[in-house]
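# Understanding the architecture of this molecule
Chain residues, written in single-letter form:
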Amino acid sequence: VQLQASGGGLVQAGDSLSLSCAASGRTFVNTVAGWFRRASGKEREFVAGISGDGRRTVYADSLKDRFTISRDNTKNMVYLRMNSLKPEDTAIYYCAARTVFFSALTAKENEYAYWGQGTQVTVSS
């Protein structure tokens, strides 16, 4: 599976932004996918995860009221909708996927086998 994240940019606090992750590979429809982010000087952290069929999701507690993860398996795409953005949301956002052998949602970075290159989101105050 190869992943390509896009949609980042410079926005103002309070704005919304949607990120996209394009996946290649026939098995993607069966893989758990997730979004992580890394702010400057900080460790990469979990944002959200979604099951292969899109029916189950999990979020970082601090983000679940503002962020929504979704996927369209007909297009091999995973999305992250971010509302009411704050300056502290500034980070590089990465999409990731587990291997097809694992169907459990997880927030653990080391349980994701495939990673996209990241897309920068900058929120100005």
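Scroll up a little and you will see the structure.
Residues numbered from 1 in each chain as written. Predicted model: local features only at pLDDT ≥ 70, side-chain atom pairs only at ≥ 80, totals over all residues. Heavy atoms only, no water.

The subject of this paragraph is the pattern of salt bridges. Scanning the model with the defined rule gives six salt bridges in all. Linking Glu45 and Arg37 is a salt bridge whose minimum nitrogen-to-oxygen distance equals 2.6 Å. Glu45 sits in the partly exposed class, given a relative accessible area of 36%. Judged by relative accessible area, Arg37 falls into the buried class, the value being 7%. Arg66 is the partner of Asp89 in a salt bridge, and the nearest nitrogen-oxygen pair spans 2.8 Å. Taken together, the positions of Asp89 in the loop between β8 (77–82) and β9 (91–97) and Arg66 in the loop between β6 (57–59) and β7 (67–72) put the pair 23 residues apart, joining distant regions of the chain. Its relative accessible area of 1% is what places Asp89 among the buried residues. Several salt bridges converge on common partners, so that one network encompasses Arg37, Glu45, Arg66 and Asp89. (Salt bridge = Lys/Arg side-chain N within 4 Å of Asp/Glu carboxyl O. Buried < 20%, exposed > 50% of the residue type's maximum accessible area, 1.4 Å probe, protein only. Helix = DSSP H or I, 4+ residues; strand = E, 2+ residues; numbered from the N terminus.)

Take the side chain of Thr31 next. One can find Thr31 in the loop between β3 (17–24) and β4 (33–38). By relative accessible area, which is 1% here, Thr31 ends up buried. Not counting chain neighbours up to four residues away, the residues in contact with Thr31 comprise Ile50, Ser51, Gly52, Arg71, Ala97, Arg98, Thr99 and Val100. (Contact = heavy atoms within 4.5 Å.)

Honestly, it's all geometry; don't read function into it.
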